[in-house]
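Residue-level structure breakdown
Residue strings, one per chain:
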Amino acid sequence: KASDTQIAFWMRDLIDITLLDYIFSQQDRIGNIDYTKIWISKDGPDIHYSKSRPQNDKQAIQIKRSHINDNDAGGHYAYANFTKKTGMLEKIRHYNAGTYNKLMALEKDFNQQGARYQYLNETFGLTTKQRDMIIKNTRLAANILRSNCRAGKLIFDLDPEQFYLSGKVTAVAQSCDPFPAPAKPS
């Protein structure tokens, strides 16, 4: 039986993988999620993660953190993007504020052809078509989540660390537009 803490971490992992699959047009995720066992323990307001059980800490618990083990059917524009086709992002109602802000920052960087855009463009040997697909999907994902946020459909309460520390989660106030476009001169 999975603990409540395990379920909270899996929820966050699944939401993050869904976003990545949307951006990279992953075709065959089902069956391609793996996990690593880690130990988490509390030290006041901090959480420590380790691969081995902390000595003399009877409160530490072991959980499985999901990770992507196979990504051979993603990153190509010809693949069927099942995350997009099934409307998974549109249906998400609980989200992590930190992930949301990182997505919005990535969208802004891609729009300005900043450092992350340059890294994507120069590092992975992508074709122009592949790069453009990733950028387009990032913009679409950001627009979907931003629209859901503006419509009041997105609750920023997906925080497994907070749940582990306190046994509950409180939704946080989150700007739907953390990086607003600069005002155009009149």
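Residues numbered from 1 in each chain as written. Predicted model: local features only at pLDDT ≥ 70, side-chain atom pairs only at ≥ 80, totals over all residues. Heavy atoms only, no water.

**Let's talk about the side chain of Ser41**
Here Ser41 shows up in strand E1 (residues 33–43). Leaving out residues up to four positions away in the same chain, Ser41 has contacts with Asp46, Ile47, His48, Pro54, Asp57, Ala60 and Tyr164. (Helix = DSSP H or I, 4+ residues; strand = E, 2+ residues; numbered from the N terminus. Contact = heavy atoms within 4.5 Å.)

**Considerations on the state of the cysteines**
For the structure on display, the rule yields one disulfide. The residue that forms a disulfide with Cys149 is Cys176, at a sulfur-sulfur distance of 2.0 Å. Residues Cys149 and Cys176 are joined by a disulfide whose S-S torsion is about -80°; by sign, that bridge is left-handed. Residue Cys149 is located in helix H6 (residues 128–150), and its partner Cys176 is located in the segment after helix H7 (160–166); the two are separated by 27 residues in the primary sequence. The exposure class assigned to Cys176 is buried, which follows from its relative accessible area of 15%. (Disulfide = S-S within 2.5 Å. Buried < 20%, exposed > 50% of the residue type's maximum accessible area, 1.4 Å probe, protein only.)

**Describing the packing of aromatic side chains**
Inspection of every chain in the model, using the stated rule, returns two aromatic pairs. Seen in terms of ring centroids, Tyr100 and Phe156 are 5.0 Å apart; in terms of plane orientation they differ by 70°. Their pairing is edge-to-face. Remark: Phe156 occurs in the loop between H6 and H7 and Tyr100 occurs in helix H4 (residues 97–112); sequence separation between them is 56 residues. In terms of burial, Tyr100 and Phe156 fall into one category: buried. Aromatic side chains Tyr119 and Phe124 sit 5.5 Å apart centroid to centroid with 85° between the ring planes, which places their arrangement in the edge-to-face category. The ring of Tyr164 carries the charged tip of Lys42 above its face, separated from the ring centre by 5.0 Å. One Lys or Arg, Lys64, reaches over the ring of Tyr35 and ends 4.5 Å from the middle of that ring. (Phe/Tyr/Trp six-rings, centres within 6.5 Å; stacked < 30°, edge-to-face > 60°. Lys NZ or Arg CZ within 6 Å of the ring centre and 35° of its normal.)

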